[in-house]
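# Coordinate analysis (summary)
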Amino acid sequence: VDIPKGVTVVCKARTVTVTGPRGKLERNFRHVQIDIRVVGKQVQVEVWWGNRKHLACVRTVSTHIKNMMIGVTEGYQYNMRLVYAHFPIIYKIDNDDTTLE
């Protein structure tokens, strides 16, 4: 995974810390038996003698790290929709569109 400009990645004992202009994210990957290293401007995720499930974990972990990099540079915005099937939902938005009851 390539590291973009303005982002620093630190990996210690399968705990990855990504720091950027919008903050700092930390994620623990100790439950997966893989090697994570920072080499130059890249993060290398590899597995030794893995079967099919271990190889799938390599792509999953690298995608998680890539999403962490996007989160500290651009950020994420979640849009929520209220949907009901039979009983109507009663909602109220307070505090300058920041709180939903």
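Further up the page is the structure itself.
Read on for an overview of the structure. (Residues numbered from 1 in each chain as written. Predicted model: local features only at pLDDT ≥ 70, side-chain atom pairs only at ≥ 80, totals over all residues. Heavy atoms only, no water.)

## Regarding the overall build of the protein
Helix and strand counts for the protein stand at one helix and seven strands. Ordered by position from the N terminus, the helices and strands of the protein form the series β-β-β-β-β-α-β-β. In terms of overall dimensions, the protein is more spread out than a globule: its C-alpha atoms have a radius of gyration of 19 Å, far above the 13 Å expected for 101 residues. In terms of principal-axis extent, the alpha carbons of the protein reach across some 55 × 35 × 20 Å. For the protein, the residues scored as buried account for 23% of the 101 residues in total. (Helix = DSSP H or I, 4+ residues; strand = E, 2+ residues; numbered from the N terminus. Rg over C-alpha atoms; globule rule 2.2 N^0.38 Å. Buried < 20%, exposed > 50% of the residue type's maximum accessible area, 1.4 Å probe, protein only.)

## Considerations on the sheet that holds strand E1 (residues 8-12)
Strand order in the open sheet formed by three strands is E1-E2-E3, and the pairing between neighbours is antiparallel. Looking at strand neighbours, the two that pair on one side only are E1 and strand E3 (23-28), the edges of this open sheet. With strand direction ignored, the average angle separating the axes of adjacent strands in the sheet is 15 degrees. (Pairing = 2+ DSSP bridges. Axes fitted to C-alpha atoms, helices over the stretch in contact; angles between N-to-C directions.)

## Description of the pairing of strand E2 (residues 15-20)
On a regular strand, one side chain projects to one face of the sheet and the next to the other, so that they alternate. A large share of E2 lies buried, amounting to five of its six residues. Bridge analysis of E1 against E2 gives five bridges, and the strand direction is antiparallel. Considered in E2, the bridge of Val-9 is made with Val-18. From the end of E1 to the start of E2, which pair antiparallel, there are two residues, and Ala-13 there has a positive phi angle of about 55 degrees.

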